[in-house]
Amino acid sequence: MARIPGTGLAKGLAVTLRHMLRRSVTQQYPEVQPELPPRSRGVIALVEENCTSCMLCARECPDWCIYIDSHKETIPAPEGGRPRQRNVLDRFAIDFSLCMYCGICIEACPFDALFWAPDFEYAEHDIRDLLHEKDRLATWATKVPPPPAHELGAEPPKELAAESAPRPSARSIRPPGALPKRPESEGDA
Amino acid sequence: MIDRAWEHESVSEPKEIVVGVGAGASAVPGKELATEDMVLNIGPQHPSTHGVLRLRLALDGERIATAEPIIGYMHRGAEKLFEVRDYRQIIVLANRHDWLSAFANELGVVIAVERMLGMEVPVRAVWARTLLAELNRVLNHLMFLGSYPLELGAITPVFYAFRERETIQAVMEEISGGRMHYMFNRVGGLKEDLPLGWLERTGRAVADVRRRLPDIENLIMGNEIFLARTTGVGVLDRETILQYGVSGPIARASGVDLDLRRDEPYLAYGELPVKVVTRSAGDCHARFEVLHDQLKVSLDLADACLERLRQLPPGPINQRLPKILKAPEGHTYAWTESPLGLNGYYLVSRGEKTPWRLKLRSASFNNVQVLREMLPGNLLADMVAILGSMFFVVGDIDK
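Sequence positions are assigned chain by chain, starting from 1 and proceeding in written order. By the order in which they are written, chains take letters starting at A while ligands take numbers starting at 1. Confidence filtering applies because this is a predicted model: local features only for residues at pLDDT of at least 70, side-chain atom pairs given and counted only at 80 or more, and all residues used for totals across whole chains, interfaces and linings. Heavy atoms from the whole structure form the basis of all side-chain values; hydrogens and water molecules are not counted.

Caption draft 1: Representation of the overall build of chain B in the model. Secondary structure elements are defined from DSSP: runs of H or I of at least 4 residues count as helices, runs of E of at least 2 residues count as strands, and each element is numbered from the N terminus. Tallying secondary structure elements over chain B gives 17 helices and 8 strands in all. If you line up chain B on its principal axes, its C-alpha atoms span 100 × 50 × 30 Å. A 1.4 Å probe rolled over the protein chains alone gives each residue an accessible area, and that area as a share of the maximum for its type sets the label: buried under 20%, exposed over 50%, partly exposed in between. Here chain B holds 399 residues, and the buried ones make up 57% of them. Once local pairs closer than 6 in sequence are excluded, the contacts in chain B between residues at least 24 apart make up 73%. Accessibility throughout is a Shrake-Rupley quantity obtained with a 1.4 Å probe, and a residue counts as covered only by protein chains that appear here. For chain B, the computed accessible surface area is about 16700 Å², with 55% contributed by carbon and sulfur atoms. In this tally, Lys and Arg are treated as positive and Asp and Glu as negative; His is ignored, and so are the chain termini. Taken as the charge location is NZ of Lys, CZ of Arg, CG of Asp or CD of Glu. Where the 46 positive side-chain charges of chain B centre and where its 51 negative ones centre are 9 Å apart. By definition in these notes, contact holds between two residues if any of their heavy atoms fall within 4.5 Å.

Spelled out as structure tokens, the structure:
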């Protein structure tokens, strides 16, 4: 085919020229913060009151970057009861230099003590400072956004579904030791 | 001066002179100048290897005599780590070997486990997965459409490619929370349902990318310098491809018409019109063209998935899983068409909560081995063009 030499180059330059006349898309980052979606995995926040130091998050973490220390405390018996024991959280730390930001700890937590927050500005000069102790993790909790609503056609979130679901009647409660009805919960032990 | 010029002209026959200078001079046995092959290491820290691939080249002058890819500088023992992780934790690791196609990597693992469990995935999850896999393919291809010209000296296209990547990444981040390592697949579906308005925003993002794609085309596709550096360079023939197990866009650029999305449909691909892009030239330019055309096909598929997701009846996006998930005893091989080629997981389970063995067949590993055949005979200057057109990710080679 007969082509005028340089057509390809001219076409490319035309794109550049057109683009030069358009508005730039530069974001003035430190002055203007980016708008991050609520699900954005920036930093992990801890709501200490909810934590029962059950260690599920620490055990499920693929690279074991969660450190938990706790001790047992005996609550004196209320009137007509017996003394109870409860776990007191001494230390909860996440090493963000090891964390892979997978979110398994947050998924594994059965007591809603861990949440994602989209904050990302916690880079440090010293890698050791990336170990966030529980007081620092608690500060992130104020930044946790509410979860986004689901798309039409989605099932309602399980929190809402559980609220509106009818309470299980006495008959449907499984007596202790009985076999589960659903084959799915076989591995529960 | 005049005398000498006259003298020179008077010489009737040209005389051959052998000149030896330096160390080579002593080795001149007779007439010919001795040449010695030079061994040149490209990498492991060379920009054109984008990562830590090392090539040991033996050079005969400017020509490459032999080439040997030396791999393993980024070996992280992913397969061994899989053996001590449960199936949710494996997804974290699996999406990291090829960091440009994280979603496609996750997909292989969960498909293998679901097949072992005989688990039926909800329809909405199947379509959402297909959509996300195609968006991931778009992201991957845009990366190489930007970085390949960059390696050949065209700096501008990468900015345009990254602008489009940003558009798609925004919707990926909105749904999964991650920009590269999505961690969004779970055995039995997806982690969470789609956020409100996401389908519409994704539709807009896909339309935006399609509208602005001609920018990249005009910048590079007809560029004479780009054509000169890629056309007819690094031709890979069908026979070598079959011998080395090369797959993906590289194989299709040499006329190997294989695409698992069409030939062995997984997810919802069976219901989609997957157009397989092929070229017959097998050179660097053909490989680039395949990538570019596949991008358009992926955008069309993404649109089809979006359309379908809007029409689907309400339903769940995942299955309720037991606290401890165990794959039954047995083995299976799940392979998917990853953006860079065939990505397979051979899962052997002994009924534990971790796999007994999870063998990973990654696309780049095979695709890079063929450099041994491709590079010899080419000029050293073309090495960068060939290497870049093999579209590999070092993490995917070294696992």
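That was the structure; now back to the text.
Caption draft 2: Looking closely at the sheet that holds strand E1 (residues 38–42) of chain B. Residue and element names in this part refer to chain B. Strand pairing is defined by DSSP finding a minimum of two bridges between the two strands. Taken together, 3 strands build an open sheet; the order of strands is E1-E2-E3 and the sheet is antiparallel. A strand with exactly one partner marks an edge of an open sheet, and here the two such strands are E1 and strand E3 (63–70). Taken pair by pair, the neighbouring strands of this sheet meet at an average axis angle of 20 degrees, ignoring direction. Across 5 bridges, E1 lies against strand E2 (residues 54–60) in antiparallel orientation. Bridging from a neighbouring strand, Met38 pairs with Leu59 of E2. Axis lines are fitted through C-alpha atoms, for helices just across the contact stretch, and the angle between N-to-C directions can take any value from 0 to 180 degrees. Contacting E1, E2 and E3, helix H16 (residues 380–388) crosses the sheet at an angle of about 150 degrees to E2.

Caption draft 3: Looking closely at the interface of chain A and chain B. On the side of chain B, 46 residues touch chain A, which itself brings 43 residues to the contact. Summed over both partners, the accessible surface that disappears when two parts come together, traced with a 1.4 Å probe, is what is meant by buried area. Interface area for chain A against chain B, summed over the two sides, is near 3600 Å², with a carbon-plus-sulfur share of 48%. Counting the surface chain A buries against chain B, the share from its top three residues, A:Arg39, A:Arg41 and A:Glu151, is 20%. By convention in these notes, a salt bridge is any Lys or Arg side-chain nitrogen within 4 Å of a carboxyl oxygen on Asp or Glu. Among the salt bridges present, the one from A:Glu107 reaches B:Arg88, with a minimum N-O distance of 3.4 Å. Counting of polar contacts relies on pairs of N or O atoms within 3.5 Å, with two restrictions inside protein: one atom must be capable of donating a hydrogen and the other of accepting it, and residues adjacent in sequence are counted only when both atoms are side-chain atoms. Taken together, the connections running from chain A to chain B amount to 20 residue pairs in polar contact (both at pLDDT 80 or more). Listing elements by their share of the side of chain A that touches chain B, those giving two or more residues are helix H1 (7–20), helix H2 (56–60) and helix H3 (104–108) of chain A. With 9 residues, the single largest contributor to the side of chain A that touches chain B is H1(A). Its residues assigned to classes, the side of chain A that touches chain B comprises 18 nonpolar, 11 polar and 14 charged. Amino acids are sorted into nonpolar (Ala, Val, Leu, Ile, Met, Phe, Trp, Tyr, Cys and Pro), charged (Asp, Glu, Lys and Arg) and polar (every other residue, Gly among them).

Caption draft 4: Quick peek at the sheet that holds strand E6 (residues 330–338) of chain B. All names here are of chain B. Pairing within the open sheet is antiparallel, and its 3 strands lie in the order E6-E7-E8. Two strands close off the open sheet at either side, each with one partner strand: E6 and strand E8 (357–361). Sheet twist, expressed as the average angle between the axes of neighbouring strands with direction ignored, equals 10 degrees. Two strands pair when backbone bridges link them, and strand E7 (residues 341–349) and E8 are joined in this way by 5 bridges, in the antiparallel orientation. Bridged to Gly344 within E8 is Arg361.

Caption draft 5: Main features of the domain arrangement of chain B. Residues and elements named next belong to chain B. Where each domain begins and ends is defined by an automated method or by a domain database. Each assigned domain of chain B is listed here: domain 1 (2–70) and domain 2 (78–398). Between the C-alpha centres of domain 1 and domain 2 the distance comes to 43 Å. Contact with domain 1, which involves 19 residues of that partner, is made by 18 residues of domain 2. Roughly 1700 Å² of surface becomes buried between domain 1 and domain 2 when both sides are summed, with 70% attributable to carbon and sulfur atoms.

Caption draft 6: Region of the structure containing the UniProt feature "binding site: [4Fe-4S] cluster 1" (unreviewed entry) in chain A. All names here are of chain A. The UniProt entry lists Cys51, Cys54, Cys57 and Cys109 under the feature "binding site: [4Fe-4S] cluster 1" (unreviewed entry), expressed in the numbering used here. These annotated residues cover 59 residues of sequence, and their C-alpha atoms lie no more than 10.4 Å from one another, placing them together at a single site. The subset of the named residues that lines the largest cavity consists of Cys51, Cys54, Cys57 and Cys109. On the secondary structure map, Cys51 appears in the loop between strand E1 (43–46) and H2. Taking the relative accessible area as the measure of exposure, Cys51 reaches 17% and is therefore buried. In this structure Cys51 touches Leu46, Leu89, Phe92 and Ala113, once residues within four positions along its chain are discounted. Along the polypeptide, Cys57 turns up in helix H2. Residue Cys57 is classed as buried on the basis of its relative accessible area of 9%. Those residues in contact with Cys57 that lie beyond four places of it in its chain are Ile66, Ile68, Phe92, Cys105 and Leu114. UniProt positions are given in the numbering used here, feature names are shortened, and annotations may be inferred rather than shown by experiment. Using a 1 Å grid laid over the protein atoms alone, points where a 1.4 Å probe fits but cannot get out form a cavity; open sets with protein on both sides within 12 Å along at least 5 of 7 lines form a pocket; any residue with an atom within 4 Å of a point counts as lining.

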